Amino acid sequence: MTFTVAIIGRPNVGKSTLFNRLVGKKLALVDDQPGVTRDRRAGDAKLGDLNFTVIDTAGLEEGDQASLSGRMRAQTEAAIEDADAVFFVIDARAGVTPEDRHFASLVRRAGKPVILIANKAEGRAGEAGAYEGFDLGLGDPVALSAEHGDGFAELFSCLLTALPEATQLSEDDDEVRERLVLGDDEEGSELDPSKPLRIAVVGRPNAGKSTLINRLLGEERLLTGPEAGITRDSISVDYLWTGKNAERRLKIFDTAGLRKRAKVEEKLEKLAAADTLRAIRFAEVVVVLLDATIPFEKQDLTIVDLVAREGRALVIGLNKWDLIEDKAHIVTLREEAARLLPQVRGAAVMPVSGANGGGLDALMGAILSAHEVWNKRLSTSRLNRWLEGVIDQNPPPAVAGRRIKIRYITQPKARPPHFVIFGNQLDELPDSYRRFLINGLRQTFVLPGTPIRMTLKQGDNPYAKKRR
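Residues numbered from 1 in each chain as written. Predicted model: local features only at pLDDT ≥ 70, side-chain atom pairs only at ≥ 80, totals over all residues. Heavy atoms only, no water.

Visitor: What is the right way to look at the nonpolar core in this model?
Guide: Where a protein is soluble and globular, its nonpolar side chains tend to be buried together. Counting residues in hydrophobic clusters, the biggest one holds 30 residues, and the most contacted among them are Val202, Val286, Val288, Leu314, Leu318, Trp321 and Val344. Ranked by the residues each element gives to this core, the list is headed by helix α8 (residues 298-310), at five residues. Beyond its immediate sequence surroundings of up to four residues, Val286 is in contact with Ala200, Val202, Ile280, Val307, Arg312, Ala313, Leu314 and Val315. Grouped together as the second largest cluster of nonpolar side chains are 27 residues, Leu222, Ala313, Leu363 and Met364 included. (Core = buried A, V, L, I, M, F, W, Y, C linked by side-chain atoms within 4.5 Å. Buried < 20%, exposed > 50% of the residue type's maximum accessible area, 1.4 Å probe, protein only. Helix = DSSP H or I, 4+ residues; strand = E, 2+ residues; numbered from the N terminus. Contact = heavy atoms within 4.5 Å.)

Encoded structure:
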């Protein structure tokens, strides 16, 4: 059986460090300053032979319900509600504080199995502070160091005791699907609908990324508000989308807003930006969300170019469309996108509204279409018939009196579509002719919006002078 554990505690007790240790990756941002984590983040944890879901949460703080700290606390309370057990973390070096006592009563009222963790317990100071945990009435504290990996054997034993039924080993084995492999002269798709489609939603701060995802999920899963830059970690959410004719499992990543590099000065914002870039690399489709009231700012174009260079399928979302009175303006915006973003010509530009949910079905349709194109594989024979016609009508230019010869083209892989051209003197092929070939591929074989990779390979010239 699988189960879920929520990690809670006041700010700066090491919850995110413990989360990273359990999932075996540095997924959550970690810094010395308190209050780094704001949203709740779920990850696949492993402890001994136990595999479970662990939820990292924001530090518990007192605050008005409408304030940022109040909304963060509501996210933590939702994590407790969803969890089967709770790791309540205190700072062993600081000992038990009044805040720890206050929030211990909140955990006790939840009625969930609680394991008290005295983190940062390495050294004499930590050992003494760990003993203070007995005063909270949550059972024996587990002296642990998330940073150094000490005390996890005892945590494993406590988890077995707290959830005896859920921690029993299952005899069922997961089926492993082999990825589809196509031959050089086969045509088809490398798309595997059995796997979750990974989608990253990126954009400038305050573009409405978290609000849009919440509207898609139908719940306040992600922290939102009028303040810019609320999201710091890249939070992944699993979701089953039900369309008109099919269902599709999705893993959606909410990311921190990307500002111009020159404006990013704080260490924490740099970490958040790096986490966003990692989410883009992990994703298959990236939705670049623009503010429809001020679209195609320079930073928007920079983000789209970044996605194209990373080779990810692209969809452009125009959020806050409910604020636009002239709906026919979408035609002009799509023309502007084609002019400003030639490297992803044909990318879908979809008007949406995170406030009222308008355009979400159309956006999902565009995402699935972009993903399908991204996975497309073309047969070698069909490609070479196209290449032959192109060269007859528009041959490559001559260099030093000799014509550049293009002999052959193939597509060795997709995700994104990658083409290899063989010939002679290809190192002299002008960039303009290379773009001409890419645009021809995009138009002839219907590859709108997806980045296209092209590699040129030429044979050795046996008559070229060799260095002795």
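On we go.
Visitor: Any chance you could explain the sheet that holds strand β1 (residues 4-8) here in plain terms?
Guide: The strands that make up a sheet are held in pairs by hydrogen bonds between backbone atoms, and each pair lies either parallel or antiparallel. One open sheet accounts for six strands, arranged β2-β3-β1-β4-β5-β6; its pairing is mixed. The open sheet has two edge strands, β2 (41-47) and β6 (142-143), and neither has a second partner. Two elements, β1 and strand β3 (residues 50-56), share four bridges in a ladder whose sense is parallel. Residue pairing across strands places Ile7 opposite Asp56, the latter belonging to β3. Of the strands in this sheet, β1, β2, β3, β4 (85-91) and β5 (114-119) are in contact with helix α1 (residues 15-23), which crosses β2 at around 55°. Its contacts with the sheet put helix α3 (residues 98-110) on β1, β4 and β5, and the angle it makes with β4 is roughly 175°. (Pairing = 2+ DSSP bridges. Axes fitted to C-alpha atoms, helices over the stretch in contact; angles between N-to-C directions.)

Visitor: So what exactly am I meant to see when it comes to helix α9 (residues 329-340) here?
Guide: A turn of α-helix holds 3.6 residues, and therefore any two residues three or four places apart point the same way. Taking 1.5 Å per residue, 12 residues should reach 16 Å; α9 reaches 17 Å between its end C-alpha atoms and fits that length. Within the span of α9, buried status applies to Ile330, Leu333 and Ala337. The buried residues of α9 occupy an angular sector of 60° when the element is viewed end-on, so they sit on one face. α9 presents Glu335 and Arg339 as exposed residues on the side facing more than 90 degrees away from its buried surface. In this structure, the buried residues of α9 make contact with β12 (313-319) and β13 (348-351). (Expected span 1.5 Å × (residues − 1). Arc of directions from axis to C-beta.)

Visitor: Explanation requested: the packing of aromatic side chains in the structure shown.
Guide: What characterises a pair of aromatic rings is the spacing of the ring centres plus the angle enclosed by the ring planes. For the structure on display, the rule yields five aromatic pairs. Taken together, a centroid distance of 4.9 Å and an interplanar angle of 10° make the contact between Phe3 and Phe52 stacked. Separated by 49 residues along the polypeptide, Phe3 in the segment before β1 and Phe52 in strand β3 bring together distant segments of the chain. Phe52 matches Phe3 in its accessibility class, with the two residues each being buried. For the ring pair Tyr433 and Phe436, a centre distance of 5.3 Å and an interplane angle of 50° mean the geometry is tilted. (Phe/Tyr/Trp six-rings, centres within 6.5 Å; stacked < 30°, edge-to-face > 60°.)

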